[in-house]
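# Structural description and commentary
What follows is each chain in one-letter form.
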2 protein chains.
Amino acid sequence: MNYALLCTVATLRKLDGRPMPDAKLNSDTRVRILDVSERQFMAHGYEGTSMRMITSMAKVNLAAVNYHFGSKEGLLREVFRRRLTWLNSERLAVLDALEERAKGAPLKPSQVLEAFFGTLLRIGEDESLGGMTFLRLLGRTLTDPAEFIRTFFATEYAEVIERYKLALFRAVPDVPKAEIVWRLHFMLGAMSYAIAGTDILRVITGHEMSDISGKEEGTKSEARRLSERLMPFLLGGLRAALPQFADSSNRQQAPLAKTVRSKSQEKKK
Amino acid sequence: MNYALLCTVATLRKLDGRPMPDAKLNSDTRVRILDVSERQFMAHGYEGTSMRMITSMAKVNLAAVNYHFGSKEGLLREVFRRRLTWLNSERLAVLDALEERAKGAPLKPSQVLEAFFGTLLRIGEDESLGGMTFLRLLGRTLTDPAEFIRTFFATEYAEVIERYKLALFRAVPDVPKAEIVWRLHFMLGAMSYAIAGTDILRVITGHEMSDISGKEEGTKSEARRLSERLMPFLLGGLRAALPQFADSSNRQQAPLAKTVRSKSQEKKK
DNA sequence: GCATAATTCATACGTTCGTTTGAATAGTAG
DNA sequence: CTACTATTCAAACGAACGTATGAATTATGC
């Protein structure tokens, strides 16, 4: 399995430590498979995309995927790795630069969010980084229940999340840390979902959005338009007023709508 | 295909218009299949769940699904329909009650959000409405790229979205309508993602969240804890300061982090 | 140019998929 | 009981799945 890796190892041994030429890692076949896979996984999901779809559309032999990536799982991992390594190292670099310039002072919340989400959304403007295709794929895959996908993302994101969590703790000192973690959670969700773009809203109200915003923003990329809307929303949510904790007698506190239970059909015990 | 429906039609004709007895629609086999499917679709996704998983786990014959629901797609639709019809009619009823009580005055933003998201989250507290299992399934399926799923949700949600959109327009008059639609979009995402719960954050920082919040909230349901955190975040995002539109010369306005491009690896043209 | 490694190719393997079929059984109204 | 409908069941269908194999082809180092 994965003969390409075996060959690579052999080559490396012969090259005696010198870095492997990019040509090997960026062969036509490899990138064609990755490009097509990115698009197909985005359009049909991981399980909904077959190797035969990919190989026929990429005009390569059926066995090519297993040769170059070992397995379908290996292919998906590589599809993400080639984008995420850039993204997350860039995120760390941006944060490093900001903190260095701040000379120890806490960053502004907007700076932290801009560094984290702005860097991501820049991918959508740059086709060589994956463009909107990869952004949509990312948004949709973050909620995929498959185990190997979850663990892959967990390890791939661990360092970045940790760094930005700490930066947010310092940037928003008046919000409890646990609350910030929750809100980071929510912000990731708002972003993924907005990016995925498979939602109901676009079907129903999509016209309005593009109509109204289309006046002066015709030249702007989809990613930039999204970013200008998303960042204020995230900032507002991050700095929102704290939830007033109910008094310890937590019965009958419920604001959850139970107003019209009579109107709904009777509940069967 | 779908012999059960054929039988149903025949029965209805014999019953001459009288409502069909519930026993037919709620046979043991039917609900056992639906319950198991709900859980399996949640855990492994639609494509990742096979009919043999479902039927063996529900202890019914393999052909039972096709008999009762016609196809796998029909099964998924029914899994959602039996929960969403309650959810969305309840949402409409709650909104009706609120607007009636307000006597024509605009509702408060918190009321609208509470009606929309609170009603949803109440499902998580009530096992007979689907509980957290269904909430997670819903969150994960909302980003599923499959066409028949998207169109199903679009029609299923159309009326509710339209009503709540109008309510939000009136509740937040100082935010442009197009902006509100975007933010409704973002709020749906934050909620779905938070509900889906397969994210990176829970793996990395899950302990902290439950540690800190676990003092006095041990008795609260998972859905209620989520709701208390989510609603302030959504409110803050909904009412956030408007994005300052860049002047029409939209070049070089970019706040998108391009600070440390030198640090990242050189970009190949 | 020759030997060797790297890649491509056609083909096949063994599974598993969703669905169908026709007979067997359970349920029900007259 | 009888006639009929509704449901369950075991078995099989063809198709599509991910992967493996060994020969053929191309590229590479000396």
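Right above here is the structure, for reference.
Residues numbered from 1 in each chain as written. Chains lettered and ligands numbered in written order. Predicted model: local features only at pLDDT ≥ 70, side-chain atom pairs only at ≥ 80, totals over all residues. Heavy atoms only, no water.

## Examining the overall build of chain A
Across its full length, chain A holds twelve helices and zero strands. Going residue by residue from the N terminus, the α and β elements of chain A occur as α-α-α-α-α-α-α-α-α-α-α-α. Considering chain A as a whole, with its 269 residues, one finds that 55% of them fall into the buried category. Counted over contacts in chain A with a minimum sequence separation of 6, partners at least 24 positions apart contribute 72%. Approximately 12800 Å² of chain A is accessible, and the part contributed by carbon and sulfur atoms is 54%. (Helix = DSSP H or I, 4+ residues; strand = E, 2+ residues; numbered from the N terminus. Buried < 20%, exposed > 50% of the residue type's maximum accessible area, 1.4 Å probe, protein only. Contact = heavy atoms within 4.5 Å. Areas by Shrake-Rupley, 256 points an atom, 1.4 Å probe, with all protein chains shown as cover.)

## Some details on helix H10 (residues 177-196) of chain A
With 20 residues, H10 of chain A extends 29 Å between its outermost C-alpha atoms, agreeing within 8% with the 28 Å of an ideal straight helix rising 1.5 Å per residue. Two residues or fewer past H10 of chain A, glycine 197 of chain A is found with a positive phi of approximately 65°. (Expected span 1.5 Å × (residues − 1).)

## Focus: the pattern of salt bridges
Evaluation of the coordinates by the stated rule reveals 26 salt bridges over all chains. One salt bridge connects aspartate 35 of chain B with arginine 82 of chain B, and the closest N-O pair in it is separated by 2.7 Å. Placement of aspartate 35 of chain B in helix H3 (residues 28-44) and of arginine 82 of chain B in helix H6 (residues 72-102) is noted, with a sequence separation of 47 residues between them. Residue aspartate 35 of chain B is classed as partly exposed on the basis of its relative accessible area, which comes to 40%. Taking the relative accessible area as the measure of exposure, arginine 82 of chain B reaches 24% and is therefore partly exposed. Across the salt bridge formed by arginine 122 of chain B and glutamate 90 of chain B, the nearest N and O atoms sit 3.8 Å from each other. Highlighted residues: arginine 122 of chain B in helix H7 (residues 109-125) and glutamate 90 of chain B in helix H6, separated in sequence by 32 residues. With respect to class, arginine 122 of chain B is no different from glutamate 90 of chain B; both count as buried. One connected set of salt bridges, linked through shared partners, spans Asp35, Glu38, Arg82 and Arg83 of chain A. (Salt bridge = Lys/Arg side-chain N within 4 Å of Asp/Glu carboxyl O.)

## Describing helix H3 (residues 28-44) of chain A
All names here are of chain A. Between its first and last C-alpha, H3 extends 24 Å over 17 residues, near the 24 Å set by a 1.5 Å rise per residue. Listing the buried residues of H3 in full gives Arg30, Ile33, Leu34, Val36, Ser37, Glu38, Gln40, Phe41 and Met42. Just downstream of H3 lies glycine 45, where phi reads positive at about 80°.

## Comments concerning the packing of aromatic side chains
This structure, assessed with the given rule, holds 21 aromatic pairs over all chains. Seen in terms of ring centroids, phenylalanine 233 of chain A and phenylalanine 233 of chain B are 6.1 Å apart; in terms of plane orientation they differ by 90°. Their pairing is edge-to-face. In this pair, phenylalanine 233 of chain A sits in helix H12 (residues 222-238) while phenylalanine 233 of chain B sits in helix H12 (residues 222-238), so the two residues belong to two different chains. The same class applies to phenylalanine 233 of chain A and to phenylalanine 233 of chain B, which are both buried. Of note, arginine 91 of chain A hangs over the ring of phenylalanine 116 of chain A, and the distance from its end group to the ring centre comes to 3.8 Å. Positioned over the ring face of tyrosine 46 of chain B is lysine 72 of chain B, at 4.5 Å from the centre of the ring. (Phe/Tyr/Trp six-rings, centres within 6.5 Å; stacked < 30°, edge-to-face > 60°. Lys NZ or Arg CZ within 6 Å of the ring centre and 35° of its normal.)

## Brief notes about the side chain of aspartate 126 of chain A
Residue and element names in this part refer to chain A. Among the structural elements, aspartate 126 can be located in the loop between helix H7 (109-125) and helix H8 (131-141). Take aspartate 126: its relative accessible area is 16%, and that puts it in the buried class. Within polar-contact distance, the side chain of aspartate 126 engages the side chain of serine 128 at 2.7 Å. (Polar contact = N/O pair within 3.5 Å; in protein donor to acceptor, adjacent residues only side chain to side chain.)

## Some points on the nonpolar core
If you look at the biggest cluster of nonpolar residues, it comprises 150 residues, and the most contacted ones within it are Leu75 of chain A together with Leu75 of chain B. Setting aside residues up to four positions removed in sequence, leucine 75 of chain A forms contacts with Ile33, Leu34, Ser37, Phe41, Met51, Ile54, Val65 and Phe69 of chain A. (Core = buried A, V, L, I, M, F, W, Y, C linked by side-chain atoms within 4.5 Å.)

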